[in-house]
Protein chains: 2
Amino acid sequence: MATIKDIASRLGISVSTVSKGLNGASDISEELRQTVLDTAVEMGYTTKRMKKEEHKKLCIFIENMDFETANQFGYEIVLGFKQAAYRDNWEVAVTPITPAFQTSEKYDTYMLKNGFSGAFLVGFALHDDWMSQLSATNIPTVLFDNYIRRNPAVGSVETDNFEGIDMGIDHLVSLGHKKIAFLNGSLNSMVSDQRQQAFLDSMHSHNLPVSEELTAYGYYVADSAKYHVPNFLAAGATAIMCGNDLIASGVISECKKRGYSVPEDISVIGFDDLPISAHLTPPLTTIKQDRVELGKSGYYTLSSLLNKVSISKTILRAQFIRRKSTAACKERRLE
Amino acid sequence: MATIKDIASRLGISVSTVSKGLNGASDISEELRQTVLDTAVEMGYTTKRMKKEEHKKLCIFIENMDFETANQFGYEIVLGFKQAAYRDNWEVAVTPITPAFQTSEKYDTYMLKNGFSGAFLVGFALHDDWMSQLSATNIPTVLFDNYIRRNPAVGSVETDNFEGIDMGIDHLVSLGHKKIAFLNGSLNSMVSDQRQQAFLDSMHSHNLPVSEELTAYGYYVADSAKYHVPNFLAAGATAIMCGNDLIASGVISECKKRGYSVPEDISVIGFDDLPISAHLTPPLTTIKQDRVELGKSGYYTLSSLLNKVSISKTILRAQFIRRKSTAACKERRLE
């Protein structure tokens, strides 16, 4: 483990200057401070300093996700994490983050500079700079809905997408549906990949065929429905599973616009159970991700990593929430 | 939620008799007590009574696994669980269990009778009576290396077998091995199934063919080696991955007996990193399951379930432990 002296001798500066850099003193230049921090990180000084922290501080970094108000996906994740962390007397900072910022400063450096012992990363994209840096970090870090191979300092938290989708298909099959379409979220996200595979697995285990014209990737927005719903209807779908509740709300609108009643003509199932889903017309049958539990589990997993218990994945149960957007299949003729 | 009164009126007995049955008083017959308990469980009385418990008691049930001494697989699992649970002031009972006992008494009844709030089940077989009962239990329960679908009261803990096997294959491939055999544990266990799939996935991702003559299921005992090693050698294997360390110790003996040196002629990799593996000749390269961490995670997962956070799976990192039983591939001619 590198000491302050090692860092000083590597940089050819005094121990007190290194110490100033590490502690954020104002009488050295920002550039020198950054060099000290980068070198400290490179030499593995990270963990040592963090153990000395008087303040116990964790950070939630959040990207591509709204979390400010109760009806947004990230709100309860942040809430659950804080609730669990506060019980163990951690301070928790919540920091929205951009790709540009990740390019400008390394993850380990940011963590060291700000005295964070660990972090929970929510909403990051596979191609983000920090994601690629996480393969080598020593800082206890937990990802929501993402996964880093082989680094025992990094864990992940997710909902069981396989069981979730399977419960939705089970329900539709029990209502007599066979021509079930799937409008998934974005291509190239870990979650969409899992839900796609889950849909294929579940249809297979129910002995139902999957045709190409009944599966599509949209984006996680309601608007994607208008491109795909007409094709699903034309192909004879009687039910549509959706990658999330927003997509489902778009699917319901699009069905109505085209003269199909939900659930009388078409059954629709969402995913997430956002607060809005109970207030759609009809109220949405959906697969719930309990976001408070996800946030709490994010903290529990991080707490384990901080205690050197290398949890790789924590997977939470999905819950099936039956409302009014699904009904018995009424056989429909092809148009 | 059923009350004592509900149970009394269902059975046509007095409230005080029900209370005696629930509290293990000595002045009612054992038969009546059992009836009271079974009825209480059936009517969903379980949780309520457990919340009233003064003593906080958990149980580890253990089957098919030795745990009494430090060199046995179960020892550190039990230890880790206790270490974590004691910090939260739980009492922990450790109860070895047989299939016959499971047939004689229901899981929920046993838990209620003994005042346990939750349990950690280690070493259970898929066909055990209690395993089938777990689909419907409301009692927070965590399984090691087993999985119950869809019941949010039941969670599981396991090591990442996929990453573990993949690290072993990576290592062998880096040493130039291509003809890699796999001697797995028992058929029809969740763990063996995962490791088999992991082996196939990893060979595939390394662009190596898998031939039927290079894969076999033994049992989790050293003796299984003598039936399969001769076939592997005849088929030109230069390395053998094993389902656990005991199998690997048998494989090493069998290779030696047939005039093959380990690792000069044949590389061997185990799984588990039991204490014996460092003392084999040669010391065994293996994939470690950290059993103290597994035990601790068993408790953390159970603790989450007790707090109504429905963790379905906790997966721990495997670790690659390089010792002396693997070496660069020396191309071998077929005999």
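This structure is a prediction, so every number in the text was calculated from the model and none was measured.

Reading the values: the criteria
- Sequence order as written defines the numbering, with residues in each chain counted from 1.
- Note on labels: chains are lettered from A, ligands numbered from 1, in written order.
- The predicted origin of the model limits local features to residues at a pLDDT of at least 70 and limits the giving and counting of side-chain atom pairs to 80 or more, whereas totals for whole chains, interfaces and linings rest on all residues.
- As a rule here, side-chain values cover all heavy atoms of the structure and leave hydrogens and water aside.
- Numbering of helices and strands runs from the N terminus, with a helix taken as a DSSP run of H or I at least four residues long and a strand as a DSSP run of E at least two residues long.
- Each residue is assigned to one of three classes by its accessible area relative to the maximum for its type, calculated with a 1.4 Å probe on protein chains only: buried under 20%, partly exposed between the two thresholds, exposed over 50%.
- By the convention used here, residues are in contact when the closest approach between their heavy atoms is within 4.5 Å.
- Aromatic contacts are taken between Phe, Tyr and Trp rings whose centres are within 6.5 Å, Trp giving its six-membered ring; a plane angle under 30 degrees counts as stacked, one over 60 as edge-to-face, and the others as tilted.
- The criterion for a charge sitting over a ring is simple: Lys NZ or Arg CZ within 6 Å of the ring centre, and within 35 degrees of the ring normal.
- Whether two strands pair depends on DSSP finding at least two bridges between them.
- Here a crossover is taken to be right-handed if, once the strands point away from the viewer, the path from the first strand over the helix to the second is traced clockwise.
- In short, buried area is how much 1.4 Å probe accessible area vanishes from two parts on joining, totalled over both.
- Whenever a carboxyl oxygen of Asp or Glu lies within 4 Å of a side-chain nitrogen of Lys or Arg, that contact is scored as a salt bridge.
- Axis definition: a line fitted to C-alpha atoms, over the contacting stretch in the case of helices. Angles run 0 to 180 degrees between N-to-C directions.
- Here the copies were fitted onto each other by least squares, based on C-alpha atoms from residues at pLDDT of at least 70 in both.
- In this analysis, the protein atoms alone were mapped onto a 1 Å grid. Cavities are point sets where a 1.4 Å probe fits without being able to get out; pockets are open sets with protein on both sides within 12 Å along at least five of seven lines; lining residues have an atom within 4 Å of a point.
- Grid points are joined across faces, edges and corners, and a volume is the space filled by probe spheres set on the points.
- As a working rule, the residues Ala, Val, Leu, Ile, Met, Phe, Trp, Tyr, Cys and Pro are called nonpolar, Asp, Glu, Lys and Arg charged, and the rest polar, with Gly in that last group.

A. Looking closely at the environment of Pro140(B). All names here are of chain B. Residue placement: Pro140 occurs in the loop between helix H8 (129-133) and strand S4 (141-144). On the basis of relative accessibility, which here comes to 14%, the residue Pro140 falls in the buried class. Taking C-alpha positions, Pro140 is 8.5 Å from Ser303, a pair spaced 163 residues apart along the chain. For Pro140, the contacting residues outside a window of four places in its chain are Ser117, Gly118, Ala119, Ala153, Leu302, Leu305 and Leu306.

B. Spatial organisation of the packing of aromatic side chains. All names here are of chain A. According to the stated counting rule, one finds 28 aromatic pairs over all chains in the structure shown. Between the aromatic rings of Phe61 and Trp130, the centroid separation amounts to 5.0 Å while the plane-to-plane angle is 85°, which identifies the pairing as edge-to-face. Of the two residues, Phe61 sits in strand S1 (residues 57-62) while Trp130 sits in helix H8 (residues 129-133), which places them 69 residues apart along the sequence. Residue Phe61 shares its accessibility class with Trp130, and that shared class is buried. Within the aromatic cluster, the residues linked to one another by ring pairs are Phe61, Phe101, Tyr107, Tyr110, Phe116, Phe124 and Trp130. Looking at Arg195, its charged tip hangs above the ring of Phe271, at a distance of 3.8 Å from the centre.

C. Quick peek at the pairing of strand S6 (residues 180-184) of chain A. Residue and element names in this part refer to chain A. Of all five residues in S6, five are buried; the element is thus mostly enclosed. The two faces of S6 match: Ile180, Phe182 and Asn184 on one face and Ala181 and Leu183 on the other face are all buried. Pairing of S6 with strand S7 (residues 215-217) involves three bridges; the strand directions are parallel. Across the sheet, residue Asn184 finds its bridge partner in S7, namely Tyr217. In the classification by handedness, the crossover that spans S6, the intervening helix H10 (residues 190-205) and the parallel S7 is right-handed.

D. Here's a closer look at the interface of chain B and chain A. Each side of the interface is counted separately: chain B has 27 residues, and chain A has 27 residues. Here chain B and chain A share an interface that buries about 2,300 Å² over both sides, 46% of which is from carbon and sulfur atoms. The largest share of the area that chain B buries against chain A comes from Arg150(B), Val309(B) and Arg317(B), three residues that together contribute 32% of it. Arg150(B) serves as the salt-bridge partner of Asp166(A), at 2.7 Å between the closest nitrogen and oxygen.

E. How the structure looks around the sheet that holds strand S12 (residues 319-321) of chain A. Residue and element names in this part refer to chain A. With mixed pairing, six strands are arranged side by side in an open sheet as S7-S6-S8-S9-S10-S12. The outermost strands of the open sheet, each flanked by one partner alone, are S7 and S12. Averaged over neighbouring strand pairs, the angle between their axes works out to 15° when direction is ignored. Where S6 meets strand S8 (residues 239-242), four bridges bridge the pair, whose relative direction is parallel. The residue bridging Ala181 from the neighbouring strand is Ile240, located in S8. Where H10 meets the sheet, its contacts fall on S6, S7 and strand S9 (267-272), and the angle it forms with S6 comes to roughly 170°. Strands S6, S8, S9 and strand S10 (285-288) of the sheet are contacted by helix H12 (residues 245-257), whose axis makes an angle of about 160° with S9.

F. Examining the relation of the copies chain B and chain A more closely. Taken as rigid bodies, chain B and chain A are interconverted by a rotation of 180° and an axial shift of 0.0 Å, the fit giving an RMSD of 0.1 Å. On the angle and the small slide along the axis, the relation comes out as a two-fold axis. Judged by C-alpha distance, Thr314(B) is the residue of chain B that lies nearest the rotation axis, at 2.3 Å. Of the interface residues in chain B, 100% have counterparts in chain A that sit at the interface too, so the contact is made through matching surfaces.

G. Broad picture of empty space enclosed by the protein. Across all of its chains, the model carries one cavity of 30 Å³ or more by this definition. A volume near 60 Å³ is recorded for the largest cavity. Forming the boundary of the largest cavity are Tyr300(A), Thr301(A), Ser304(A), Ile311(A), Thr314(A), Ser297(B), Tyr300(B), Thr301(B), Ser304(B), Ile311(B) and Thr314(B). Sorting the residues of the lining of the largest cavity by element identifies helix H13 (291-306) and strand S11 (311-316) of chain A together with helix H13 (291-306) and strand S11 (311-316) of chain B as the ones contributing at least two each. With four residues, H13(B) is the largest single contributor of residues to the lining of the largest cavity. Residue composition of the lining of the largest cavity, grouped by class: four nonpolar, seven polar and no charged.

H. Representation of the sheet that holds strand S10 (residues 285-288) of chain B in the model. Residues and elements named next belong to chain B. Pairing is mixed across the open sheet formed by six strands, whose spatial order is S7-S6-S8-S9-S10-S12. Strands at the two margins of the open sheet, each flanked by one partner only, are strand S7 (215-217) and strand S12 (319-321). Ignoring which end each strand starts from, the neighbouring axes of this sheet average 15° apart. Pairing analysis gives three bridges linking strand S8 (residues 239-242) to strand S9 (residues 267-272), with the strands arranged parallel.

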